[in-house]
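# Breakdown of the fold
Each chain, letter by letter, is given below.
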Amino acid sequence: MAGASIAGPALAHWLHRRGAEVTVVERAPGLRPGGQAVDARGVTKEVIRRMGLDEAVRAACTDTAGAHTVDADGNVLQTFSAEDDGGDGFIADIEILRGDLAQVLYDDTRAGVEYVFDDRIAELTQDADGVDVTFASGAKRRFDLVIGADGLHSALRAMVFGPRERFVRHLGLVLAFYSVPNEFGLDRWFIEYQEQGSGRSAALRPIQDATRGMAFFSFPAAEFDVDHRDIEGQKRLLREQVADLGWLTPRILAHLDDAPDFYLDQVAQVVMDRWSDGRVGLIGDAAFCASPMSGQGTGLALVGAYLLAGELAAAKWDPVAGFAGYEERMRSFVEANQEMGRLHVEFRSATGPAAEPDVEALMPLIERALNGIELPDYAGVPDSRA
Ligand SMILES: Cc1cc2nc3c(=O)[nH]c(=O)nc-3n(C[C@H](O)[C@H](O)[C@H](O)COP(=O)(O)OP(=O)(O)OC[C@H]3O[C@@H](n4cnc5c(N)ncnc54)[C@H](O)[C@@H]3O)c2cc1C
């Protein structure tokens, strides 16, 4: 499997439990820190419970009480509590920094799964019985199945399914995150300033380390390609785009050069009509990124991991039947979440009444995005932790 962030280690957990031997190769030299908080809502919470990780995830949560939106002078406009909507609201009761969740998943799997850092799949060829893989380090190995959990810019997807332009749809926004010293008096509240109708916003949130906070910016950008390895170029771009945004922006930008964990990416979705080809499959953002604006990228990765391992094991590791079962179960759930992501971007970029979502009318879609998928219990399928 390629990618050790959320989808990769989560799938490794389930494949290992179902009896497979798993190798995860990650391009970075170690687990990558950083990222905003990600939320677990609806059915995702049940998957975390079935993984036996409820306690570990809750222990690593941000403990955010809720969110305030503010005007440029810091006056509160709206308040959302973490208790809204039974804990499944804008700020969910399970909210954890992406890097902390990756760490929980890695710690849970490292004893039973082989992790190879600082390497990547350079080439692969498949035949009826397996996949021959050549790693960038030169190592050559053969596997029964290869899964790409290597994110929005998946190299494995490009290698097997075609160029990225065919599958990646930009939604016209860019997001950036990095941690800053907590000189802003952040306690348990997320604070966001949105400039009306421009799609530009700035926000600050508390994290577990009370001496620091996480800063967040968004700005519109129609079609542009960020080189996702050119961190200095990304920082320059952010500064150009938000320097005049107002609110606390100048003070937040003052910490940009020293940011230890800077992350910037386009808000984009991945739309594919199939997530497998023979013995190669895709999961998480590589297959069906719904964008951070859906608030559900992590949920899709965790739910997808449960189903993919369950379906493959239930099909006795027959890739055709296993991948088909996974795609059939996941697809409408993915589509509902991708629609949520697109609508969220539209509301942010609109002005006047169009910027105010009609929550009542959206309820059926929200419900499908949170809970619109069945989790089989896979009784009779091997489970080493049963
Ligand atoms: C550093 C970072 C910060 C993020 N911050 C946020 C955030 O703030 N908010 C948000 O909503 N989402 C964020 N995301 C995306 C979020 O993690 C995903 O939407 C979601 O959790 C699904 O995860 P994933 O495992 O499918 O993909 P990702 O989390 O993108 O992970 C992909 C992994 O694959 C690795 N990789 C890439 N190419 C290769 C390769 N060729 N070979 C091997 N490994 C490879 C990457 O280094 C990464 O570890 C972030 C991702 C990363 C990597």
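As the structure is a computational prediction, the values presented were derived from the model and not from experiment.

## Focus on a positive patch on the surface
Taken together, the side chains of R27, R32, R120 and R229 define a basic patch exposed on the protein surface. Structurally, R32 is set in the loop between β1 (23–26) and β2 (37–40). Residue R32 is classed as partly exposed on the basis of its relative accessible area, which comes to 45%.

## Quick word on the nonpolar core
Membership of the largest hydrophobic core comes to 81 residues, with the highest contact counts inside it found for I283 and M330. For this core, the leading source of residues is helix α9 (residues 297–314), giving 11 residues. Filtering out sequence-adjacent residues up to four positions away, I283 remains in contact with A7, L11, I147, G148, A149, F288, A301, G304, A305, L308 and Y326. Counting residues in each nonpolar core, the second largest holds 25 residues, with F184, L186, L253 and L256 among its members.

## A few points about the packing of helix α2 (residues 43–50) against α9
Packing of α2 against α9 brings their axes to within 9 Å, and their N-to-C directions diverge by 50°. It follows from the interaxial angle that α2 and α9 lie oblique. Two packed elements cross with a definite hand, and for α2 against α9 that hand is left-handed. On the side of α2, the interface is formed by V43, T44, V47, I48 and R50, while α9 contributes G299, L302, V303 and Y306. Taken together, the residues that form the contact of α2 with α9 break down as six nonpolar, two polar and one charged.

## Some words on the sheet that holds strand β13 (residues 201–206)
Across the sheet, seven strands lie side by side as β4-β3-β12-β13-β14-β11-β15; this open sheet has mixed pairing. Each edge of the open sheet is held by one strand with a lone partner, namely β4 (76–81) and β15 (263–270). Going from strand to strand, the sheet's axes swing by 20° on average, the running direction of each strand aside. Relative to β13, strand β12 (residues 189–194) runs antiparallel, the two being bridged by four bridges. Each residue of the ladder has a partner; that of I191, found in β13, is L204.

## Here we look at the pairing of β1
With burial as the criterion, each face of β1 is covered, one bearing T23 and V25 and the other bearing V24 and E26. Pairing geometry for β1 and strand β6 (residues 114–117), over four bridges, is parallel. Opposite V25, over in β6, you have V116 as the bridge partner.

## Considerations on α2
Of all the positions in α2, only V43, T44, K45, V47 and I48 are classed as buried. Backbone geometry just downstream of α2 places G52 in the positive-phi region, at approximately 75°.

## Things to note about the site of the ligand
The local shell around the ligand holds 25 residues, among which S5, A7, E26, Q36 and D285 are the closest. Between an oxygen atom of the ligand and a side-chain N or O atom of S5, the distance comes to 2.6 Å. Out of a free accessible area of 910 Å², the ligand has 92% covered by protein chains. Counting residues per element, the ones that place at least two in the shell around the ligand are β1 and α9. Looking at the shell around the ligand, the element that brings in the most residues is α9, giving three residues.

## Digging into the packing of helix α1 (residues 7–17) against α9
Contact geometry for α1 and α9: axes closest at 8 Å, N-to-C directions at 35°. Crossing handedness for the pair α1 and α9: right-handed. Counted together, A7, A10, L11, W14 and L15 of α1 and A301, L302, A305, Y306, L308, A309 and L312 of α9 form the full contact between these two elements. Its residues assigned to classes, the contact of α1 with α9 shows 12 nonpolar, no polar and no charged.

## A closer look at the domain arrangement of the chain
What the domain assignment lists for the chain is domain 1 (7–62 + 94–168 + 270–371) and domain 2 (170–268). Look at where the C-alpha atoms of domain 1 and domain 2 centre, and you get two points 25 Å apart. With 28 residues of domain 1 in contact, the opposing surface of domain 2 contributes 26 residues. Surface buried jointly by domain 1 and domain 2 totals about 2,200 Å² across both partners, of which 56% is contributed by carbon and sulfur atoms. Considering only the surface of domain 1 that becomes buried against domain 2, Q36, H153 and R348 emerge as the three largest contributors, covering 30% of it. Counting across the interface, domain 1 meets domain 2 through one salt bridge. Residue E95 is joined to R205 by a salt bridge in which the shortest nitrogen-to-oxygen separation is 2.9 Å. Where domain 1 touches domain 2, the interface holds two residue pairs in polar contact (both at pLDDT 80 or more). Mapped onto the side of domain 1 that touches domain 2, the elements with two or more residues apiece are β5 (94–97) and α10 (319–349).

Quick notes on the rules
- Residues numbered from 1 in each chain as written.
- Predicted model: local features only at pLDDT ≥ 70, side-chain atom pairs only at ≥ 80, totals over all residues.
- Heavy atoms only, no water.
- Patch = residues over 30% accessible without salt bridge, like charges linked within 9 Å, V, L, I, M, F, W, Y side chains within 5 Å.
- Areas by Shrake-Rupley, 256 points an atom, 1.4 Å probe, with all protein chains shown as cover.
- Salt bridge = Lys/Arg side-chain N within 4 Å of Asp/Glu carboxyl O.
- Lys, Arg positive; Asp, Glu negative; His and termini not counted.
- Charge placed at Lys NZ, Arg CZ, Asp CG, Glu CD.
- Helix = DSSP H or I, 4+ residues; strand = E, 2+ residues; numbered from the N terminus.
- Buried < 20%, exposed > 50% of the residue type's maximum accessible area, 1.4 Å probe, protein only.
- Core = buried A, V, L, I, M, F, W, Y, C linked by side-chain atoms within 4.5 Å.
- Contact = heavy atoms within 4.5 Å.
- Axes fitted to C-alpha atoms, helices over the stretch in contact; angles between N-to-C directions.
- Parallel < 35°, antiparallel > 145°, perpendicular 65-115°, else oblique.
- Left-handed = near helix turned anticlockwise from the far one by under 90°.
- Nonpolar A, V, L, I, M, F, W, Y, C, P; charged D, E, K, R; others polar.
- Pairing = 2+ DSSP bridges.
- Near = heavy atom within 4 Å.
- Polar contact = N/O pair within 3.5 Å; in protein donor to acceptor, adjacent residues only side chain to side chain.
- Domains from an automatic or database assignment.
- Buried area = accessible area lost by both parts, 1.4 Å probe.

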